[in-house]
Every structure is written in structure tokens, then in C-alpha cells.
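An overview of the molecular structure
Letter by letter, the chains look like this.
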Amino acid sequence: MRFLASQPALPRLVILAALFVGLLSAQTAQQAPSQTAAPNATIATTPAAAQKPPAKPNNPTLPAPTRAAMLRGAYGPYRANNDLLYYHLDIRVDPERQFISGKNTIRFRILKDGTRIQLDLRETFNIDKILMGATPLKYERDSGAVFVDFPQTLHAGQVYSIDFYYSGHPQEIGRFGGMTFKKDPAGRVWINTACEGDGASVWWPNKDQWRDEVESMDISVAIPNNLVDVSNGKFVAKTDLGDGYTRWDWHVSYPINNYDVALNIGSYVRFSDKLDELPLDFYVLPEDLDKAKVQFAQAKGMLEAFQHYFGEYPFVKDGYKLVEVPYLGMEHQSAVAYGNGFTNGYMGRDWTGTGISLRFDFIIIHESGHEWFGNSITAADPSDMWIHEGWTTYLESLYVEYRWGKADAIKYLNGDKAKVKNLQPIITERGVNEEPDQDQYFKGALMINTLRSVVNDDAKWWPLLHDFYQHFKYQNIMTEDVVAYFNQHTGMNLTPIFDQYLRHAQIPRLELLFGEEPGMVMYKWRADEDDFAMPVRAGKPGEWQIIHPTTQWQWMKTPLTKDEFQVATDLYYVDVNKQ
Ligand SMILES: [Zn+2]
């Protein structure tokens with residue numbers, strides 16, 4: 001049965017009720033063991049009940065989410081009742097007809113007895129059939145969701161597998177195109193995918209959400225003989241199918257986000273290198289080979305830097321790849337998409353305005369940083385995507401620090417300030433597939449730099465970062481997990497600091513009140529969090545004194561005048577108001 005493509009607008013009450021159901025199921029899911037987590041860990045370390053209520057709308061003037069956004073965004077009962085184990089995406093791509101057909105084999109464990117699960121596939125595609133063994137399954141389509149019904153109850157603890165056959169013409173969609181059929185500059189076929197935000201169901205059927213990931217995946221792509229497909233994971237084989245097509249098989253040995261799964265089909269040539277035992281493979285258009293050999297040499301230094309801070313590259317068995325694409329870049333797991341024009345900076349621009357950006361290729365460093373934050377550690381809901389982007393933007397500065405020292409790293413980070421808007425909170429409404437705005441990148445990174453100054457001991461900071469990554473690697477987490485970890489391992493209550501930066505639009509402002517004569521200054525934080533308290537370096541640059549302002553006035557003696565009295569705003573992302 002097929003629902004109408006355009007749904008009438010839902011009354012607000014229905015939307016709120018549906019959200020509530022979504023929240024309830026999200027909580028249920030958190031109590032279930034995670035298949036993507038290490039055996040000794042679960043999806044979230046914080047009980048759902050202890051989480052901040054996400055119900056407070058971040059911006060009540062925003063329109064209510066669409067039905068499609070809610071079906072995609074909510075971790076509803078037909079998602080929470082199962083746990084993904086494995087996909088085998090096995091498709092044929094016809095460049096001439098711009099047509100895709102094939103199947104995804106989906107293996108999952110049922111967590112709660114039931115007869116229905118929710119999958120997703122854009123309505124532009126035809127569902128050819130869905131089979132369990134030889135049995136065709138019934139299904140209902142609704143705004144991009146596909147509810148699959150089973151003739152008999154699926155039992156908790158049991159593993160099931162279905163084959164989801166589909167076909168159609170992918171439509172270009174969203175910021176990155178979804179799936180695009182382009183020509184390279186020499187006029188040859190160039191087909192690529194990039195679907196973060198819009199979701200992988202813009203080109204293949206899957207459980208299209210962030211909380212649950214398969215543990216491993218196979219990707220088989222049949223394409224005309226003269227073309228190359230580069231997908232995620234380790235290259236397994238290519239097989240001539242005898243009909244003018246060749247099938248390329250790739251195997252992913254780790255959990256993988258849906259939006260990371262990628263096709264790159266073109267006239268690629270490959271060159272290879274190694275970092276210790278880690279295979280590095282680079283795929284570019286033939287005419288870019290010489291430029292790429294020079295530019296992609298940066299990959300090794302990048303890997304060394306991030307391994308230094310966080311530990312081993314997360315996807316050793318899959319190798320590391322950089323793949324030339326017609327868009328700027330994307331963190332496709334173990335097959336990072338690169339389109340930065342073989343120049344340093346951001347398309348050749350010094351995009352932080354600090355002079356430091358032009359020392360390295362922004363896309364190689366940033367998109368590969370996502371292998372640690374975004375791909376290995378993944379947010380369980382797009383609302384908390386700063387875990388990908390704030391951290392990876394901070395990783396850019398770690399790369400700078402590793403190569404050129406702390407002073408340059410701090411300078412680089414402060415170049416991000418001009419890009420922060422502080423108009424809305426970084427964390428968006430949960431369960432409605434709502435991506436945060438750009439502040440998640442720059443403000444997120446500046447917040448992490450601020451935390452380093454709060455910890456105020458690099459001998460503690462580096463192990464903290466390393467162990468934080470190691471603790472949560474290969475897991476899907478939320479902000480509460482990050483905060484709980486940092487609180488526990490610093491022995492500090494950092495919750496009001498995280499909350500101020502992530503859940504409010506404004507950054508904290510240090511109010512300084514000077515008397516008529518020098519000798520005394522009063523100080524307090526102005527912040528949305530009532531219990532906001534954060535130490536900060538103040539006084540005379542070079543001879544900083546650490547003060548401990550709260551949201552209540554305190555005072556101290558100082559020989560400095562109002563003009564002389566400074567705050568280390570390069571180390572703490574705060575506003576200062578002197579009166
Ligand atoms: Zn990013």
C-alpha cells in the first residue's frame with residue numbers, strides 16, 4: 001500500500017504527541033545493548049532520565065518539523081525494536097540511463113518481539129520486492145519511510161535477514177548532491193555520492209538514522225568495464241560479468257554511518273603508499289596524478305598527528321583512502337572524498353585569516369580528522385553533531401600544534417571567532433533530523449580550547465583527550481556522555497560550562513566593575529546557566545592570575561587600572577565587559 005506523497009499539514013498536537021512517542025522509544029533504545037559498541041560498553045553511559053529535557057524548543061519561531069523529518073529523525077518503536085548487524089549493498093549503476101538497481105541485504109537482531117520494522121528509501125525509487133528467504137514481505141511507504149511487515153512474530157534475541165530490492169533514477173538533492181551523474185573535466189563519466197543531512201536513503205534502502213550502525217558491510221557495484229568504483233573498506237575483487245559490466249567488491253570491517261557509505265565511479269587511477277603497516281591508497285583522475293602525488297603527501301603527517309593525540313587510525317583493516325570528487329569533500333569512512341583543487345587552505349583561501357590555514361590542505365586535514373570524530377565516534381542524533389564538527393575543527397588546531405606549536409594553534413583557533421554567530425544554541429531539537437548551524441564547528445572548537453584552559457594542565461589534558469576517544473571509539477554517543485566523561489575524569493563539574501556553550505546562543509560574559517580609584521575590581525559571569533562557574537586568567541598578560549568568577553559578584557585587589565586589566569580571551573572564548 002502506498003500513501004500519498006504529499007501529506008496534509010499535521011496539527012501541532014499530533015506532532016508533539018509523535019515526538020513524545022519518539023522520545024520514549026529513544027529512551028527504551030538506550031537501555032538496550034549496542035551492537036556497535038565494544039563488548040564492555042553500551043550506547044550511552046548516561047541514563048536517559050538524567051539527560052536534559054530536549055523538549056524546550058531552541059527557536060519557537062521555526063516551523064514545525066515536516067512529517068518526513070520526523071519519520072527520519074525519530075528513533076521510533078519500529079527502529080528501536082531491532083539492532084543492525086550487517087548490510088550487503090549489491091547494485092548495478094547504468095551511467096547512460098542514470099539508473100540504479102539491485103538490493104540491500106539487511107541483517108539485524110530483534111530486541112523486542114514484533115512484526116514490523118522501519119527502513120527508509122526515498123519515494124522516487126521503486127521497491128521491486130522485499131524478501132525474507134523466498135517469502136515476499138508486505139510493506140507500507142510513508143514519506144520516505146518503509147514499514148516492513150512480517151507474516152510471523154520476530155522474536156527478541158533472534159537474528160533475521162531480508163533482501164530489499166529496488167530500482168530507479170536517483171535525483172540530485174541537497175548541499176552535496178546525494179547521488180550525481182556528472183562528467184569529469186575531460187568529459188568522462190563521473191558518478192559520486194554524498195548524502196550527509198539528506199540521508200543515505202536518497203540512493204539506497206537502509207535504516208536511515210544515526211543511532212544504530214551495522215557492524216560490518218559489503219559493497220558490490222557493477223559498472224561498465226572501463227570504469228573504476230571506489231567505495232569504503234578494503235578492496236576485495238573485481239569480476240567481469242561478461243555483459244560489458246564489471247562488479248567491484250569492497251568489504252568494511254567496522255561499524256559505519258549510513259551517510260559515509262559511498263560510490264565513486266570514474267576513470268580513476270591509483271597510487272599507493274604505506275604508513276607503517278597501514279595501506280594508503282589514492283584515487284584521482286589521470287590528469288591530476290602528478291599534482292596529487294605532491295598534495296596527498298600531507299596525508300601521512302596528518303595521520304601521524306592524529307595518531308599522536310588519539311591513538312591508532314580507527315580503520316586499519318580497511319586502510320586509508322583519499323578519492324578525488326567533484327565537490328569539496330566529505331568524511332566517507334576510510335575513503336575520504338577530496339575536492340579541494342590540490343591546493344592548500346580552503347580552495348586556496350586562508351580561511352581563518354591567520355596566515356596559518358595556507359600551510360596545509362584544509363580538506364585532507366579536516367575530513368580525515370572525522371575518521372576519529374564522526375566515523376569512529378558518532379553522534380547518535382544529528383542534534384548533537386558538534387561531536388563530529390566541533391571536535392574535528394578542534395583537531396585542525398591539534399594538527400597545527402603538532403606541526404608548528406601551541407602558539408600557532410591558539411592563533412589558528414582564534415581565527416574561527418569571526419565565523420561564530422551566537423544566534424542559536426549548537427544543540428538542536430532531538431529526534432527530528434535537525435542539523436545544527438555552523439556554530440557547531442567554530443564555537444564547538446573554541447569551547448574545547450576553553451576547556452583546555454579550565455583544566456589548565458596539559459599533562460592532564462592530553463591523556464584526557466586520548467582516553468576520551470579510546471573510551472567511546474566505534475560508539476554512537478550524545479553530549480551527555482561527553483560531559484559525564486569529562487566531569488568524571490577531571491573531577492570538576494563542567495556541566496554548566498558545556499551547557500552554556502552548547503544549549504544557549506550566548507557565550508558567557510565576564511562583567512568587570514572598576515572603582516573610581518585603582519585598587520579594586522568586582523567580577524562575575526553573566527550567563528544563562530545560573531550555576532555557571534569558570535576559572536579564567538585575568539590581570540596582566542604574562543603574569544596572569546587565575547580568578548574563579550561565578551554568577552555572583554566577588555571582588556579582588558588589583559594595582560591595575562581599568563585599561564590595564566586584561567582577560568586571556570585567546571585561551572577562553574568569553575566576552576568581557578569592563579565598567
Ligand atoms: Zn566536518
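Chains are numbered independently. Their residues run from 1 in the order of the written sequence. Under the rules for a predicted model, residues below a pLDDT of 70 receive no local features and side-chain atom pairs below 80 are neither given nor counted, while totals for whole chains, interfaces and linings still include all residues. With hydrogens and water set aside, each side-chain value is computed from the structure's full complement of heavy atoms.

Okay, the sheet that holds strand β29 (residues 575–578) next. Judged by pairing direction, the sheet is mixed, and its four strands sit side by side in the order β27-β24-β23-β29 without closing on themselves. This sheet does not close on itself; its edge strands, each paired only once, are β27 (554–558) and β29. Taking each pair of neighbouring strands and ignoring which way they run, the sheet shows an average axis angle of 25 degrees. When DSSP locates at least two bridges between a pair of strands, those strands are taken to pair. Elements are defined by DSSP. Helices are runs of H or I of four residues or more, strands are runs of E of two residues or more, and each kind is numbered from the N terminus. For helices, the fitted line uses only the C-alpha atoms of the stretch in contact; every axis is such a line through C-alpha atoms, and the angle between N-to-C directions lies from 0 to 180 degrees.

Joining through side-chain atoms within 4.5 Å is the link that ties buried Ala, Val, Leu, Ile, Met, Phe, Trp, Tyr and Cys residues into a set, and such a set is a nonpolar core. Relative accessibility thresholds used throughout: buried, under 20% of the residue-type maximum; exposed, over 50%; partly exposed, between the two (1.4 Å probe, protein chains only). Counting 151 residues, the largest nonpolar core has V93, W203, Y320, W386 and F486 as the members making the most contacts within it. When residues in this core are grouped by element, the largest group, nine residues, is from helix α9 (residues 439–455). Membership of the second largest hydrophobic core comes to six residues, among which are F176, A194, V325 and M330.

With that out of the way, let us pick up the environment of H332. Within the secondary structure, H332 is located in the loop between β19 (329–330) and β20 (336–338). H332 sits 74 residues away from N258 along the chain, and the two C-alpha atoms are 9.7 Å apart. In contact with H332, not counting residues within four places along its chain, are T193, A194, N232, Y259, D260, A262, Y327, A337 and N375. Here, two residues are considered to be in contact whenever any of their heavy atoms come within 4.5 Å of each other.

This paragraph deals with the pattern of salt bridges. Take a side-chain nitrogen of Lys or Arg and a carboxyl oxygen of Asp or Glu: if they are within 4 Å of each other, that pair is a salt bridge. Inspection of every chain in the model, using the stated rule, returns 27 salt bridges. Note that E277 and K274 form a salt bridge whose closest N and O atoms lie 3.9 Å from each other. The exposure class of E277 is exposed, given its relative accessible area of 65%. Members of the salt-bridge network, linked through shared partners, are D384, R430, E480, D499 and R503.

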